[in-house]
Each structure stands twice: as structure tokens, then as C-alpha cells.
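Reading the structure
So you can see what is in the structure, the chains are spelled out below.
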Amino acid sequence: MLIDISRRTEIFGSVKIHELQRILKLDSGGFENPRAKDIPFNAIKDVLRRLAIIIPVKDEKIHLLDGVLRAIPFDCSVIVVSNSRRENHDIYKMEQDMITNFHELTQQEILSIHQKDPELGVAFYDVGYDFLLDRDDLVRDGKSEGMIIGMLLAKSLGKDFIGFADADNYIPGSVREYVMDYAAGFFMSESPYSMVRLHWRYKPKVVEDRLYFKKWGRVSETTNKFLNLLLSTNTGFETGVVVTGNAGEHAMTTKLADIMSYSTGFSIEPYHFVYLFDAFGLKAEKIAYPDATSAGIEIFQIETLNPHLHEEKGEEHIKNMLLGSLCTVYNSKLCNDYVRSKVLEELGNILDLWEKPKKNILMPPIGGIDASKFRKLLEGKSETYMCLKQGTTNEGEREEEGRIRGESIQSV
Ligand SMILES: Nc1nc2c(ncn2[C@@H]2O[C@H](COP(=O)(O)OP(=O)(O)O)[C@@H](O)[C@H]2O)c(=O)[nH]1
Ligand SMILES: [Mg+2]
């Protein structure tokens, strides 16, 4: 792979944010190159083997999920966390059938579970992490909540890297690239605490019957502006370094995933920045994670070669994303009166029901959870948990799981 060299890095306390780096070529010639970083394919492959890709999914078109699954490089483990409808038209059943069939054809390692499985609630309770449970002891709705489930399963597999890919992507080839881009970021990283966030080169839209290759989405432009303002007002030097505030497509080392705190729903991605600024920035009050503080936390922002074409979710979704994102900035410890007034101005008519933005629901780090115990609590008990391993030796395990689901798994 050939990627721009990181030329400028903004340093804020222990947080190092690298400026956007472009993917120049998806493969490369293996030359020493002073102007670009050449990453050999074997190095990418080494990372892929240590990487799990989590796909959060809720009521997406089955063809899209199918394309995403088929695009993820074989060396990665895949973890699907679904919050899809189960009653009437059972979308979740369709997903499970498709996943089982996908595994039988490809033998790729894949785990999946339904977010509302009561045994998940029990497992979270038993490992002492009830921050994402509702009054009925079920996991709440929300993409972030699904991502936390996925991260624990990835940890239970002993993975060193955890990445995310949305299920509503129309271009399987782009998903494949995103995963390779994550691997490239981790290869370049010098700290065990690092994160890779993707920025689409283009996000095509249909405008007056023609495809228009838009560069910036409305929400991401605003979120980036405010995250940069938060940085600028604290350092006294204006910056535009943050360009991936809402990056749904991102990946982290498991070591970093362990010490992050997570915001609920769709505010999870901008909150990554806010949390890191608050906990590891210039004005951090206490050093909770000395190893990370001394190693530094590296954030890579990579511009993909492929455009991003996903399902349009409508105005309400956009509004909620903007609100959730700017609430994270508003409630940051680093936010001063000036930035708060700018947030209120921006949210204008969205906010007219409230006096000030609500606090985001936060979930504390998952590092203290025994992930193996968590998975064991699900095995054999959960009706929706599936663990489909590579090779035929796991047939017994698959049959056992099929029996638990009340199905018989046909051999291919
Ligand atoms: N597990 C899970 N996934 C969700 C939930 N809500 C949304 N998703 C998935 O999260 C991904 C991103 O959501 P999407 O609505 O496309 O948001 P956007 O692309 O960030 O605007 C998609 O794959 C959704 O299907 C949820 O409550 N639980
Ligand atoms: Mg989407």
C-alpha cells in the first residue's frame, strides 16, 4: 500500500492527531520512497490476522449486509451485532440464515448476537457492567451499545485490534479498502494506544438526476468545526486538524479500546475526541492511565480512495446526529463560555425545546471486564449467539449452537 507520509501532527497533551493522509495506491512496488510510505502486503496481512471487524446492524437491506460480509478480508474475524426487528417480518432471522450460509461457503470466522438477547443483559450484569442496560435488564437500543457488545467479543477472541464497518454500505470494494486502511494505520503507529479514523474522499449524492461527488457531509463539517474550536480555544492556536469527528468507520488497538469511555448512540465517534482531550489533553486533572499518558495516544486520519455510498436515513437522523455530536463538545471539561455560546447558536432551532444541551449518556471503560467470562456466559445459554469458527473441526460446536437455536445445520 502507498500512503501519504504524515507531515504534521497536532499535539495536545498526550494526544497526537496526525493530519489527513491520502491513500495513494492500494498496492505498491516496495520502493524506498521519501514522499510516501510504502507498506508491504505481508505487513498488512499480519495486522489483519490480529483484527476483528464489528458490524453493527439495525434493519438494513440484507443485500447490503451480504456485500459487507463478503468484502471483509478473510484473515479478520467478523462480529455482527444486530438490533434488527424480530417480530412480524423477522429481519434478524434473515440475517442469521445469511450469516450461516456465508460461513459455510467461506469458512471465515464469524460471531453474531442480537442486542436484545436477554442473556446478554444477564452476562453484562454478571461481569459487573450494567451501564448499558435498561429497566428490563436488556441492552438499550443504540449503535454505541452494539459496538460495546462487539468489542467484548473481540477481546474474548484475544484480538489486538478492533475495527468497525457499517452494514449499510452499497460498495463492497470500499469496505475491503477501509479494513486495509485500518491495517495501514496500525502499521504506522508507534504507540500501542492508537486509533485510525477514515475520511471519505467523496460521498456521492444524486443532485438533479446527476451524481455529484460531494466532499463534506453537513453533520461532519459542523462536528469537525467545533472539535477544532475546542482545541483552538484551549491551546490559543487555531487548528483545522480534526477532519474525522463523525467517522463511523474507525478502528482502535484493544489497549486503547480498554481505556476509552463511550457515549451512547451516534455520539460515540465525536466523543472519542472529547474524551481523549478531557482525559489526556493539556488540562487533564488526574493521570488515570499512566502507561497511555507516557506512550501517547496516536490518532491517524486516512482519506480513502473509494467513495462512500450508504443508505440515506433522513432529516431526523441528521438532526439527532448533529445534536448528539455537539452535546459532547458542549459538555466537555474544556468547553468555555464562548464555545458554548457558539454551540447554542449552531443548534438554534433544533434546541428550542430545551434550555441547554442534555448531557450525553456515558459508559465507562471496558478494560476491567473479564471478556472470556462474558463470552462463556453467553455460550450454551444465549438463544441468538453464534460462533462459527474456521475449518470443519468446529462442526460439533456449530451443531451444538444450532441445537440451542432449535435448528439443524446442514452440511455443505
Ligand atoms: N447493533 C446496532 N446497530 C445499529 C443501531 N442503530 C444503527 N445501527 C447500525 O449502525 C450503522 C450506522 O448507522 P447509520 O444509521 O447508517 O448511521 P450513519 O451512517 O452514521 O448516518 C448501520 O450499520 C446501522 O444499521 C443499533 O441500535 N444497534
Ligand atoms: Mg450509514
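Let us look at the structure shown here. (Residues numbered from 1 in each chain as written. Chains lettered and ligands numbered in written order. Predicted model: local features only at pLDDT ≥ 70, side-chain atom pairs only at ≥ 80, totals over all residues. Heavy atoms only, no water.)

1. Considering the site of ligand 1
Neighbouring ligand 1 are 18 residues, the closest being Pro56, Glu60, Asp168, Lys313 and His317. One nitrogen or oxygen atom from the side chain of Glu60 is found 2.6 Å from an oxygen atom belonging to ligand 1. At 3.0 Å, a backbone N or O of Val81 approaches a nitrogen atom of ligand 1. Compared with its free state, where it exposes 570 Å², ligand 1 has 92% of that area covered by protein. Broken down by secondary-structure element, the contributors of at least two residues to the shell around ligand 1 are β6 (51–57) and α11 (315–330). Looking at side-chain class alone, the shell around ligand 1 contains six nonpolar, five polar and seven charged residues. (Near = heavy atom within 4 Å. Polar contact = N/O pair within 3.5 Å; in protein donor to acceptor, adjacent residues only side chain to side chain. Areas by Shrake-Rupley, 256 points an atom, 1.4 Å probe, with all protein chains shown as cover. Helix = DSSP H or I, 4+ residues; strand = E, 2+ residues; numbered from the N terminus. Nonpolar A, V, L, I, M, F, W, Y, C, P; charged D, E, K, R; others polar.)

2. So, the pairing of strand β3 (residues 15–18)
Examined bridge by bridge, strand β2 (residues 9–12) and β3 share four bridges and lie antiparallel to one another. Residue Ile11 lies in a different strand from β3, and its bridge partner there is Lys16. By the bridge criterion, three bridges tie β3 to strand β15 (residues 297–303) in an arrangement that is parallel. From the neighbouring strand, Val15 faces β15, where its bridge partner is Ile297. (Pairing = 2+ DSSP bridges.)

3. Points about the coordination of the magnesium ion (ligand 2)
Of the protein atoms, only Asp168 (OD) and His310 (ND1) coordinate the magnesium ion (ligand 2), at distances of 2.2 to 2.3 Å. Residue Asp168 is found in the loop between β9 (161–164) and α6 (172–188), and its partner His310 is found in the loop between β15 and α11; the two are separated by 142 residues along the sequence. What makes Asp168 buried here is its relative accessible area of 4%. (Donors = N, O, S within 2.8 Å, 3.2 Å for Na, K, Ca; no water. Buried < 20%, exposed > 50% of the residue type's maximum accessible area, 1.4 Å probe, protein only.)

4. Description of the environment of Gln108
If you trace the backbone, Gln108 turns up in the loop between α3 (91–106) and β8 (110–114). Judged by relative accessible area, which is 2%, Gln108 ranks as buried. In sequence terms Gln108 and Lys286 are 178 residues apart; their C-alpha atoms lie 43 Å from each other. Not counting chain neighbours up to four residues away, the residues in contact with Gln108 comprise Leu69, Ile72, Pro73, Phe74, Cys76, Val78, Phe102, His103 and Leu388. In this structure the side chain of Gln108 is engaged in a polar contact, spanning 2.9 Å, whose partner is the backbone oxygen of Cys76. (Contact = heavy atoms within 4.5 Å.)

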